Amino acid sequence: MEEQGYIEIRVDNINNSLTPKDVDINEIKNVISDIETFLYPTREEKKLRPQISYDIESGSAKHKFYLPISAVILFNGLTTEIHKRKSLDFLDYKRQEVIDKFQKKAIKEGFTIEFNNSLSEESSLIIDTNTNYDMIAPQFYESEFYLYGEIYQEGGKNPNIHISTSKFGNVTISATKEQILDGEKKTYKPYGVKVKGKKSLSDGKFNDLKLVEFINYRPAFDKSLLDKIIDRASKNLNKITNLDQWIDGLKTEGI
C-alpha cells in the first residue's frame, strides 16, 4: 500500500475568528469538489483516482484531505510553482479555474487561504485579498468528435483520410494502414468517423485528429427504426433524475 499523506486548505477571516461551525455545507461541498478537480482535472482521472478521505478541523477552518503521497507531491509541486511564478499560465484551464475560485472567494469574503501539506512545514501557496492571478484562456480543447461526410482520399506515405463535411469543410484525419485497409474501399462513399483531437475555441477548426473508428453512415431516414430506438432509450432516460445535467456532461460533438 502506498504511503499516505495529507493536504490542507486553511481558511481564516480578517478577525481570525472563523471556526468549522461557521462553514456552510455548500462551502464544504465546493472545497471538496475543487480539490478533486485540481488533483484530477479530467473525467478519466477522476474515475481512476485513489480513495480520498476528508475532515474539517479547528484552527480557523482546516479542510484536510488524506490521500496517497504521490497526490500530495503533485499538489505541493503545483501550488509551489504557482507561488514561484506568480502566474497560472502553466496550468491547464480547469486547474486555473480552481485557483481563480479560491481567489474570488478570498477577495469577496476577506479570507486568507493557505495551501498546506504533509511534505512541508510552510504553506506552499497563500491566497488573500491582495492576490491577483490572471486566468489564461485556452486556445483549444481536446475531446472526441463525430464527423460525417464523403471520404475523397485515403492512404499516402503518412497514412490518413480526407473527408468532406457540410459543417466543417474538408478535414484531414491521421490513421493507421490497418484502419484504412480494413473492410471495403471507402473512397467516394458517405461515412461517419469517430476521432480524437483538438478543436480551436476561436474559429472551431480541428487539429491533430486521429481516427478511432469508422461508422457506417446511412443518410436515408428510417422512422420505424427511430421509433424503436426512442422507445428503447426512454426506459433508461426515465432513470436519470437530472436529464439536463446529464446531457451537459456529454463531451462528444458533431452528432
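Here the structure is shown first, and the text comes after it.
Residues numbered from 1 in each chain as written. Predicted model: local features only at pLDDT ≥ 70, side-chain atom pairs only at ≥ 80, totals over all residues. Heavy atoms only, no water.

## What about the environment of P68?
By the element assignment, P68 lies in strand β3 (residues 61–68). Residue classification places P68 among the buried positions, given a relative accessible area of 7%. When sequence neighbours within four positions are dropped, the list of residues in contact with P68 reads E2, E3, Q4, G5, P50 and Q51. (Helix = DSSP H or I, 4+ residues; strand = E, 2+ residues; numbered from the N terminus. Buried < 20%, exposed > 50% of the residue type's maximum accessible area, 1.4 Å probe, protein only. Contact = heavy atoms within 4.5 Å.)

## What about the packing of aromatic side chains?
Two aromatic rings, taken as a pair, are described by how far apart their centres are and by the angle between their planes. Evaluated as defined, the whole model comprises nine aromatic pairs. Where F75 meets F115, the ring centres are 6.1 Å apart and the plane angle is 25 degrees; that geometry is what we call stacked. Taken together, the residues span a long stretch of sequence, with F75 in helix α3 (residues 69–85) and F115 in strand β4 (residues 112–117) at a distance of 40 residues. By the burial criterion, F75 is buried, and F115 matches it. Its end group placed over the ring of Y6, K64 keeps NZ or CZ at 3.9 Å from the ring centre. (Phe/Tyr/Trp six-rings, centres within 6.5 Å; stacked < 30°, edge-to-face > 60°. Lys NZ or Arg CZ within 6 Å of the ring centre and 35° of its normal.)

## Some remarks on the packing of helix α1 (residues 25–39) against α3
Packing of α1 against α3 leaves a shortest axis separation of 10 Å and a crossing angle of 90 degrees. Judged on the interaxial angle alone, α3 and α1 are roughly perpendicular. Listed contacts from α3 to I35, F38 and L39 of α1 are A71, L74, F75, L78, T79 and I82. Looking at the contact of α1 with α3 residue by residue, the class counts come to eight nonpolar, one polar and no charged. (Axes fitted to C-alpha atoms, helices over the stretch in contact; angles between N-to-C directions. Parallel < 35°, antiparallel > 145°, perpendicular 65-115°, else oblique. Nonpolar A, V, L, I, M, F, W, Y, C, P; charged D, E, K, R; others polar.)

## Description of unusual backbone geometry
The phi dihedral of K86 is positive, around 55 degrees, even though this residue is not glycine. With respect to the secondary-structure elements, K86 resides in the loop between α3 and α4 (93–109). One non-glycine residue, Y188, lies in the positive phi region at around 65 degrees. Inspection of the secondary structure assignment puts Y188 in the loop between α5 (177–181) and β9 (189–200). Residue Y188 is classed as exposed on the basis of its relative accessible area, which comes to 59%.

## Overview of the nonpolar core
Counting residues in each nonpolar core, the largest one holds 32 residues, and the members touching the most others are I9, I35, I99, I113 and F115. Mapped by element, the contributors of at least two residues to this core are β1 (4–12), α1, β3, α3, α4, β4 and β5 (120–127). Broken down by element, this core gets its largest block of residues, six residues, from α3. The next biggest cluster of nonpolar side chains, apart from the first, holds 16 residues, and it includes V171, Y191, V195 and F206. (Core = buried A, V, L, I, M, F, W, Y, C linked by side-chain atoms within 4.5 Å.)

## A word on the pattern of salt bridges
As a working rule, side chains carrying opposite charge can pair if their charged atoms are close by. Overall, the coordinates contain 14 salt bridges when judged by the stated rule. For the salt bridge of D12 with R10, the shortest nitrogen-to-oxygen distance reads 3.9 Å. Given the relative accessible area of 6%, D12 is considered buried. With a relative accessible area of 22%, R10 lands in the partly exposed category. Notably, a salt bridge pairs K64 with E57, separated by 3.9 Å at the nearest N-O pair. Here E57 falls in the partly exposed class, since its relative accessible area comes to 25%. Among the ionic contacts, a cluster of salt bridges with common partners joins R10, D12 and E114. (Salt bridge = Lys/Arg side-chain N within 4 Å of Asp/Glu carboxyl O.)

## Quick look at the side chain of N117
For N117, the position within the fold is in strand β4. A distance of 2.9 Å separates the side chain of N117 from the side chain of N76, its partner in a polar contact. In this structure the side chain of N117 is engaged in a polar contact, spanning 2.8 Å, whose partner is the backbone nitrogen of L119. (Polar contact = N/O pair within 3.5 Å; in protein donor to acceptor, adjacent residues only side chain to side chain.)

## Some words on the sheet that holds β1
Pairing is antiparallel in the open sheet, where five strands are placed in the order β2-β3-β1-β4-β5. Of all strands in the sheet, those with a lone pairing partner are β2 (53–57) and β5, marking the two edges. In this sheet, adjacent strand axes meet at a mean angle of 20 degrees when their direction is disregarded. Across eight bridges, the pairing between β1 and β3 is antiparallel. Across the sheet, Y6 pairs through a bridge with Y66, a residue of β3. Of the strands in this sheet, β1, β3, β4 and β5 touch α3, which is tilted by about 50 degrees from β5. Against the sheet, α4 touches β1, β4 and β5, its axis set at about 75 degrees to β5. (Pairing = 2+ DSSP bridges.)

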